[in-house]
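This is what each chain is made of:
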2 protein chains.
Amino acid sequence: MGAKTDTREKILNTAASLFQKNGYHATGLNEIIRESESPKGSLYYHFPNGKEELAIAAVTLAGSMIQEQIEEKLARDSDPAQAIKHYILDLADSFEEENPDNQVSLSLLALEIAPIRDSLRDACKQVFELCADTYYRKLITCGFPEEKAKEISSIIFVMIEGAMSVSLVRNDPVMLVAVAEQISILLNN
Amino acid sequence: MGAKTDTREKILNTAASLFQKNGYHATGLNEIIRESESPKGSLYYHFPNGKEELAIAAVTLAGSMIQEQIEEKLARDSDPAQAIKHYILDLADSFEEENPDNQVSLSLLALEIAPIRDSLRDACKQVFELCADTYYRKLITCGFPEEKAKEISSIIFVMIEGAMSVSLVRNDPVMLVAVAEQISILLNN
DNA sequence: ATATATATAGACCACTTGATATATTTTTGT
DNA sequence: ACAAAAATATATCAAGTGGTCTATATATAT
């Protein structure tokens, strides 16, 4: 049964990576099975509902990988403003890398799949919530009042996703740097 | 020759609306000609390079419509923070409307088409620049120093696009309201 | 009025899409 | 060892894709 997990994970990892990088509609199932070297039969065995089920699993996987990365990187600095700024500057630094661990933007995939079906939208919402909550917990840990932490953490998430989108479109991470510079202003007011 | 403009514009308007709402890859040429009630021959007569050329024209059109809207709405309040906040709250208010004038998010379309080809990326960059520049000019008019205005206007654009993306995914405009509340903090620091 | 450019109309094409069906192999439990 | 379940492997499908082609209609200009 080790094989099961193997193939399933290979398909899922490949799908998540391609969906995140190129988008949902631009990624064909054939591309996924080719890249993951798995037959189509296995795809539909492990994901009987096909592409949509794969999308839910992919966005969830991508989200939890991002969440882990945020958590790790925020732990490096005790000051929350510095921690978040530090994290964003790292995103800018690793902007060119194709490494799937550095694929931080969820907007493209989420914008594409959320309207398809409620189950897909719900998965996206959950992933967004997970990411924002990671900032929230950092702020709470650092003594921010609950209300303020709730507010700011959402804004942080919005700013990072927005900056990533603009950076991807322009193929230039300077917008991430600009956002990083504004974080302290946001936290200290 | 009145007919020419008519058909061309009908195709372009339809394409822009569908691309913006549903995305580039999710929108088929057949859907565009059906919805615009134009034959395929006309599409390829007016846009010989097919879907990609249509995408460039569409993102440019959508961008200039958004730019006009921003400009109009920013003119309502003399105080820049109030003007921008007012504009964003209007976006939140009209979130449910399907009216193409209220389709303000460019992220989905831009994220999809920018990687296809440099000419498409360039068109997206130009549109982004156009929008950010509208905030910039408002800030300059209100006496902001050049450097600060440059910085802030980009951040505003990023925050609004980010908030629109999150709102679209969640199908809930509250994130726009949250961003609106932060504008004054950004401008006064 | 007629020739010419402009524009419309839609049939058609090769190709890809997501999905299904069926056959085969591999693993597991007894 | 053997039966049952799990998983893999393809061939195949209808529907849809973007794009091309040729024929026709509609203006425009002289």
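Since the model is a prediction, treat every value here as computed from it, not as a measurement. (Residues numbered from 1 in each chain as written. Chains lettered and ligands numbered in written order. Predicted model: local features only at pLDDT ≥ 70, side-chain atom pairs only at ≥ 80, totals over all residues. Heavy atoms only, no water.)

Caption draft 1: Focus on helix H2 (residues 29-36) of chain B. Residue and element names in this part refer to chain B. All buried positions along H2 are accounted for by Leu29, Ile32, Ile33 and Ser36. Each buried residue of H2 lies within a common arc of 90 degrees when the element is viewed along its axis, so the set occupies one face. Exposed and facing more than 90 degrees away from the buried side of H2 are Arg34 and Glu35. Glu37 occupies a position one or two residues after H2 and carries a positive phi of about 55 degrees. (Buried < 20%, exposed > 50% of the residue type's maximum accessible area, 1.4 Å probe, protein only. Helix = DSSP H or I, 4+ residues; strand = E, 2+ residues; numbered from the N terminus. Arc of directions from axis to C-beta.)

Caption draft 2: Region of interest: the packing of aromatic side chains. Under the definition given, this model contains four aromatic pairs over all chains. Relative to Phe157 of chain A, the ring of Phe128 of chain A has its centre 5.0 Å away and its plane inclined at 65 degrees; by these criteria the two rings are edge-to-face. With Phe128 of chain A in helix H7 (residues 118-141) and Phe157 of chain A in helix H8 (residues 146-170), this residue pair connects regions lying 29 residues apart in the sequence. Residue Phe128 of chain A shares its accessibility class with Phe157 of chain A, and that shared class is buried. The residue whose ring lies beneath Lys51 of chain B is Tyr24 of chain B, and the NZ or CZ to ring-centre distance is 4.3 Å. Its guanidinium or amino end placed over the ring of Tyr136 of chain B, Lys150 of chain B lies 4.7 Å from that ring's centre, counting from NZ or CZ. (Phe/Tyr/Trp six-rings, centres within 6.5 Å; stacked < 30°, edge-to-face > 60°. Lys NZ or Arg CZ within 6 Å of the ring centre and 35° of its normal.)

Caption draft 3: Broad picture of the environment of Gly50 of chain B. Residue and element names in this part refer to chain B. Secondary-structure assignment places Gly50 in helix H4 (residues 50-74). Overall, the relative accessible area of 3% leaves Gly50 in the buried class. In this structure, the C-alpha to C-alpha distance between Gly50 and Ala81, residues 31 residues apart in sequence, is 42 Å.

Caption draft 4: Here's a closer look at unusual backbone geometry. Residues and elements named next belong to chain A. Positioned with a positive phi, Glu37 is a non-glycine residue whose angle comes to about 55 degrees. If you trace the backbone, Glu37 turns up in the loop between helix H2 (29-36) and helix H3 (40-46). Using a relative accessible area of 68% as the deciding quantity, one classes Glu37 as exposed. For Asn171, which is not glycine, the phi torsion reads 55 degrees and is therefore positive.

Caption draft 5: Looking closely at the side chain of Gln69 of chain A. All names here are of chain A. Note that Gln69 resides in helix H4 (residues 50-74). Residue Gln69 is classed as buried on the basis of its relative accessible area of 11%. With residues up to four places along the chain from it excluded, the contact list for Gln69 reads Tyr87, Leu91, Asp101, Asn102 and Val104. (Contact = heavy atoms within 4.5 Å.)

Don't take any of this as a statement about function, it's just geometry.
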